[in-house]
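A look at the structure
Residues per chain, in single letters:
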Amino acid sequence: MDLKAKKVFLMDMDGTFYLGNTIIPGSLDFIDRLQKNGKSFYFLTNNSSRDANFYALKLNNMGLKTIHKSQIITSGEICAWYLQRLKPNGKVYLLGTKELERDLLKVGLVSVQNDPDFIVLGFDKTLTYHKLERACYFIRQGIPFFATHPDINCPTEDGPIPDTGSMIKMIEESTGISPKIFGKPYPEVIEYVSYRTKTTQNEIVMIGDRLYTDIAMGKKSGITTILVLTGETQKDDVKESPWQPDYVFPSLSDIDFN
C-alpha cells in the first residue's frame, strides 16, 4: 500500500492534530509535507453543534493559517447532504443548534415546527422537554428519524457531558424507534468525501486516534487507514481491536510518504 499514490488525506482533530486547545508537535509540519507532495487534506468532526467556520477559526488560531472552512467536514453537513438527496427542500423538525440549522438551510432544507418530513437530532445544549415531546410524537407518527452522530459523551475541560448518543437512547426508550445515524464510523462520511472531492475510495486516507470511530469507518468504507498514538489509543490496544489499521505511527510528524 503506497501512501504516495493517495490524493486525499482526512484527519480527525482532537487527539490527532491537537489536544484540547494545544496543537500536537509536528502537526503543522505534516500539513506542509502534504502540500509539498500535492495532497489535499480535510478535517472531520462528529460534533454537529459547531459549523465549519468555528473549526477553521480554531485551527487558524493554532497556527494553521492556510486553512479554509471548505476543508472542514462536520457530521451535520453530511446529514444535510444526505437528506437533501432523499427529498430536495424537505421539511425538518430539528433538535439542534443554530449552527446545525444553518447547515440544513444551506442545502435547501426547511426548518419547521409542524408537518415535518424528517426529524433530525444533533448535539443540542438547548434541548427542552417540549422539543423532545414533539420529536417523539412525530417519530411515533412514522416520520423518519435521523441523528448526526453517535457519540455518547462530549469531552470538556470539566469532564464528559451528554452528547447526541445519550439523547438518542432517551428517544429510543420512549418510542422504540432507532434513528439512522451519520458521522464516524458510518460509511456515509466517505460517500460524502468522495462526492465533495471527486475522488474514489482507493485515493482516500483516514488518519485518527480512535480505533472504533476513525479506523472502523475507514475499514468499513474500504479506504486506507492510519492510526496515530497521540490521543486515546495506545499501541497495546491495537492487538485487541477488531479494527486493524493499515499503518500505525506515533504521531502525524512520523508519517512517511516515501
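To start, this report covers the structure provided alongside it. Bear in mind the structure is a predicted one, so any value in this text is a computation, not a measurement.

Where empty space is left in the structure can be found by rolling a water-sized probe over the atoms. Roughly 1,200 Å³ of volume is contained in the largest pocket. Every element with two or more residues in the lining of the largest pocket is listed here: strand E2 (18-19), strand E4 (40-45), helix H2 (52-61), helix H4 (98-106), strand E10 (153-154) and helix H8 (211-221). In the lining of the largest pocket, the residues fall into 13 nonpolar, 14 polar and 15 charged. Taken as a whole, the second largest pocket holds about 290 Å³ of empty space. Around the second largest pocket sit 14 residues that line it, and Ala52, Lys69, Glu77, Asp103 and Lys106 are the ones nearest its centre. At the level of elements, H2, helix H3 (75-86), H4 and helix H7 (188-197) are the ones that each hand at least two residues to the lining of the second largest pocket. With 3 residues, H4 is the single largest residue contributor to the lining of the second largest pocket. Along the lines of polarity and charge, the residues of the lining of the second largest pocket split into 5 nonpolar, 2 polar and 7 charged.

What counts as what
- Residues numbered from 1 in each chain as written.
- Predicted model: local features only at pLDDT ≥ 70, side-chain atom pairs only at ≥ 80, totals over all residues.
- Heavy atoms only, no water.
- 1 Å grid on protein atoms, 1.4 Å probe; cavity = no way out; pocket = protein on both sides within 12 Å on 5 of 7 lines; lining within 4 Å.
- Points joined across faces, edges and corners; volume = space filled by probe spheres on them.
- Helix = DSSP H or I, 4+ residues; strand = E, 2+ residues; numbered from the N terminus.
- Nonpolar A, V, L, I, M, F, W, Y, C, P; charged D, E, K, R; others polar.

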